Amino acid sequence: MENNNEREFFTLLDENGQEVVFELIGITEYKDNTYYAMIPSDAADQAQESEDGFCEYVILRVVSNEDGTSDLVSVDDDEEFDDVADLFDDMFSEEIDYDQK
């Protein structure tokens with residue numbers, strides 16, 4: 001994902017049927033599939049970080065429908081999830097300027 005000032009948001013339903021707004025923070029390709037890394041927009045605005053110093057994010061796979069629309073689905077396969085998470089972790093660690101104080 002290019003570093004520009006445009007932010008992209010998606011409104012998704014959580015497991016309780018409640019709407020949650022997510023910000024797209026990364027896109028990657030893996031085995032002919034497209035994956036989105038997203039964080040809840042309130043986490044993005046508050047810059048909440050996990051214990052390891054990184055914002056926690058969710059990974060969703062883009063699934064194309066026959067009518068030309070797309071859906072975002074969770075990644076249920078543990079191996080697939082781990083492989084894609086590694087790609088995003090590598091991507092995000094490259095974006096961090098460790099020399100900046």
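Please refer to the structure higher up on the page.
Residues numbered from 1 in each chain as written. Predicted model: local features only at pLDDT ≥ 70, side-chain atom pairs only at ≥ 80, totals over all residues. Heavy atoms only, no water.

Trainee: Would you mind going over the pattern of salt bridges with me for this structure?
Mentor: One pass over the full model with this rule turns up two salt bridges. Its salt-bridge partner being arginine 7, residue glutamate 23 comes within 3.1 Å of it at the nearest N-O pair. With a gap of 16 residues between them, glutamate 23 in strand β2 (residues 19-30) and arginine 7 in the segment before β1 (9-13) connect regions that are remote in the sequence. Two residues, arginine 61 and glutamate 80, come together in a salt bridge whose shortest N-O distance is 3.0 Å. Within this pair, whereas arginine 61 is found in strand β4 (residues 58-64), its partner glutamate 80 is found in helix α2 (residues 78-95), the two being separated by 19 residues in sequence. Each member of the pair arginine 61 and glutamate 80 is classed as buried. (Salt bridge = Lys/Arg side-chain N within 4 Å of Asp/Glu carboxyl O. Helix = DSSP H or I, 4+ residues; strand = E, 2+ residues; numbered from the N terminus. Buried < 20%, exposed > 50% of the residue type's maximum accessible area, 1.4 Å probe, protein only.)

Trainee: Teacher, can you tell me more about unusual backbone geometry here?
Mentor: It is generally the case that most residues other than glycine have a negative phi and that most peptide bonds are trans. Look at lysine 31: it is not a glycine, yet its phi comes out positive at around 45 degrees. Secondary-structure assignment places lysine 31 in the loop between β2 and β3 (33-40). Owing to a relative accessible area of 62%, lysine 31 belongs among the exposed residues under this scheme. The phi dihedral of aspartate 32 is positive, around 65 degrees, even though this residue is not glycine. Along the chain, aspartate 32 falls in the loop between β2 and β3.

Trainee: Even after reading the chapter, I still don't get the packing of aromatic side chains, so can you show me in this structure?
Mentor: A ring pair, where both rings are aromatic, is described by two values, the distance of the centres and the angle of the planes. Counted according to the given criterion, the structure contains five aromatic pairs. Consider the rings of tyrosine 57 and phenylalanine 88, whose centres lie 6.1 Å apart with planes at 70 degrees: the pair is edge-to-face. Of this pair, tyrosine 57 sits in the loop between α1 (41-46) and β4 while phenylalanine 88 sits in helix α2, and the two are 31 residues apart along the sequence. Accessibility expressed as a relative area gives 0% for phenylalanine 88, which makes it buried. Note on tyrosine 57 and phenylalanine 92: the rings are 5.2 Å apart at their centroids and 85 degrees apart in plane angle, and the pair reads as edge-to-face. Here the residue tyrosine 57 occupies a position in the loop between α1 and β4, and phenylalanine 92 occupies one in helix α2, the gap between them amounting to 35 residues. Feature note: the residues Tyr57, Phe88 and Phe92 constitute an aromatic cluster, connected by ring pairs. (Phe/Tyr/Trp six-rings, centres within 6.5 Å; stacked < 30°, edge-to-face > 60°.)

Trainee: Explain a negative patch on the surface here, please?
Mentor: Together, Asp76, Asp77, Asp78, Glu79, Asp82, Asp86, Asp89, Asp90 and Glu94 give the surface a local cluster of negative charge. Assignment of secondary structure puts glutamate 79 in helix α2. (Patch = residues over 30% accessible without salt bridge, like charges linked within 9 Å, V, L, I, M, F, W, Y side chains within 5 Å. Areas by Shrake-Rupley, 256 points an atom, 1.4 Å probe, with all protein chains shown as cover. Lys, Arg positive; Asp, Glu negative; His and termini not counted. Charge placed at Lys NZ, Arg CZ, Asp CG, Glu CD.)

Trainee: Mind showing me how you'd approach the environment of leucine 72 here?
Mentor: With respect to the helices and strands, the residue leucine 72 is situated in strand β5 (residues 70-74). It is 5.5 Å that separates the C-alpha atoms of leucine 72 and arginine 61, two residues lying eleven residues apart in sequence. Apart from residues lying up to four places away in sequence, leucine 72 is in contact with Phe10, Leu12, Tyr36, Met38, Leu60, Arg61 and Val62. (Contact = heavy atoms within 4.5 Å.)

These results come straight from atomic positions and should not be treated as a statement about function.
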